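Coordinates in review
Spelled out, the chains give:
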Amino acid sequence: MARMKKRNLRRKDGVWDPLVDSQQTRQRAAGVPQTPQSMSPSYRLAYTDDDFMAREELRPMRLQLELLKPEMIMAERGINSTVVMFGGARIPEPGGDAWAAKNDTQRQNLTAASVYYEEARKFARLCSLHSAQSGYKEYVVTTGGGPGVMEAGNRGADDIGAPSIGLNIVLPHEQAPNRYVTPELSFNFHYFAIRKMHFLLRAKAVVVFPGGFGTFDELFETITLMQTGRMALVPLILFGEKFWRSVINFEALADFGTIAPNDLDLIQFVETADEAWEIIAKFYETVDPSTVPVASGER
């Protein structure tokens, strides 16, 4: 019998596994002689064939993989809960350039909105200080990983040396990971739907700063899940009441009858990081985190 190299047959989880793993098989496949047969796309191992994995028929697999990969990494990291921060990519830091402005009015508004960058950064620091008490397993700051408010959230965590999550998505512009995301918790998505699932899968609170269509999408996805009883009634906090009431007439929806009057209770408005954290802290002082209420879903 040929002499073989010894290897550890115990997986990381302690399970005995005598089968050769896929990493070793991939290395062996890469080392075969280069012939017309071995260089043919058909010869590639299916799981290493990018062209094959990108085929339309493989979409269900890609959806599954995007759900599974971040979930496995966060579970291995021991992250039990998060605080999700949504908000505009175009909001600059105080003193920074309003790079997204297309005219003087936008430049004035975006420059003034830099106050939200600062409050987002402060809020993330507060969350991360409390996260430290659990060894960064609870209240871990999570953002979309990009610029603006997202950067402020990751930056606030980084200010005190805390880890934070960034859930990026491939877009034509605006969406490269900011430098404050913890590299090991920096994820990238093709599917908006799977990305939004990961935002909410561990969410112990959701805070929303002024933003555009993407922020609105995330807000209304969250509030709909709560309203219909598909998600627990965790704190949903909107920074900047003047902004939100100027762009959405929540009361008009209730008056018209397309939402129930008590649906307005799903959201709370704040202006400062301290106010937002106080809401979250009081909520979990009075509610058992393992038995957070869920809306009936009755309309």
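Rules of the game
Residues numbered from 1 in each chain as written. Predicted model: local features only at pLDDT ≥ 70, side-chain atom pairs only at ≥ 80, totals over all residues. Heavy atoms only, no water. Helix = DSSP H or I, 4+ residues; strand = E, 2+ residues; numbered from the N terminus. Contact = heavy atoms within 4.5 Å. Patch = residues over 30% accessible without salt bridge, like charges linked within 9 Å, V, L, I, M, F, W, Y side chains within 5 Å. Areas by Shrake-Rupley, 256 points an atom, 1.4 Å probe, with all protein chains shown as cover. Salt bridge = Lys/Arg side-chain N within 4 Å of Asp/Glu carboxyl O. Buried < 20%, exposed > 50% of the residue type's maximum accessible area, 1.4 Å probe, protein only. Phe/Tyr/Trp six-rings, centres within 6.5 Å; stacked < 30°, edge-to-face > 60°. Lys NZ or Arg CZ within 6 Å of the ring centre and 35° of its normal.

**What about the overall build of the protein?**
Check the secondary structure of the protein and you find 11 helices and 7 strands. For the protein, the share of sequence-separated contacts (at least 6 apart) that also reach a separation of at least 24 residues comes to 65%.

**Notes on a nonpolar patch on the surface**
Together, Leu 67, Met 197 and Leu 201 make up a nonpolar patch on the protein surface, roughly 240 Å² of accessible area in all. When you line up the elements, Met 197 lands in helix α7 (residues 192-201). Residue classification places Met 197 among the partly exposed positions, given a relative accessible area of 38%.

**Side note on the pattern of salt bridges**
Per the counting criterion, the structure on display carries 18 salt bridges. Put simply, Lys 122 and Glu 119 hold a salt bridge, and the shortest N to O gap is 3.6 Å. One end of the pair, Lys 122, and the other, Glu 119, are both in helix α5 (residues 114-132), 3 residues apart, so they sit about a helical turn from each other. The class for Lys 122 is partly exposed, based on a relative accessible area of 33%. Classification of Glu 119 by relative accessible area gives buried; the value is 11%. As a salt-bridge pair, Glu 251 and Arg 245 come within 2.9 Å of each other at their nearest N and O atoms. Salt bridges linked by common partners bring Arg 11, Asp 13 and Asp 17 together as one network.

**Observations concerning the packing of aromatic side chains**
All told, the structure shown has 9 aromatic pairs when counted by the stated rule. With a centroid separation of 5.5 Å and 35 degrees between ring planes, the pair formed by Phe 216 and Trp 244 is classed as tilted. Placement of the pair is Phe 216 in helix α8 (residues 213-227) and Trp 244 in helix α9 (residues 241-247), with a sequence separation of 28 residues. Ring centres of Phe 250 and Phe 269 lie 6.2 Å apart, and the angle between their planes is 65 degrees; on these two criteria the pair is classed as edge-to-face. Placement of Phe 250 in helix α10 (residues 250-256) and of Phe 269 in strand β7 (residues 268-270) is noted, with a sequence separation of 19 residues between them. Considered together, Phe 250 and Phe 269 belong to a single accessibility category, that of buried residues. The structure contains a cluster of three or more aromatic residues connected by ring pairs, namely Tyr 139, Trp 277, Phe 283 and Tyr 284. The side chain of Lys 204 reaches across the aromatic face of Tyr 284, ending 5.2 Å from its centre.

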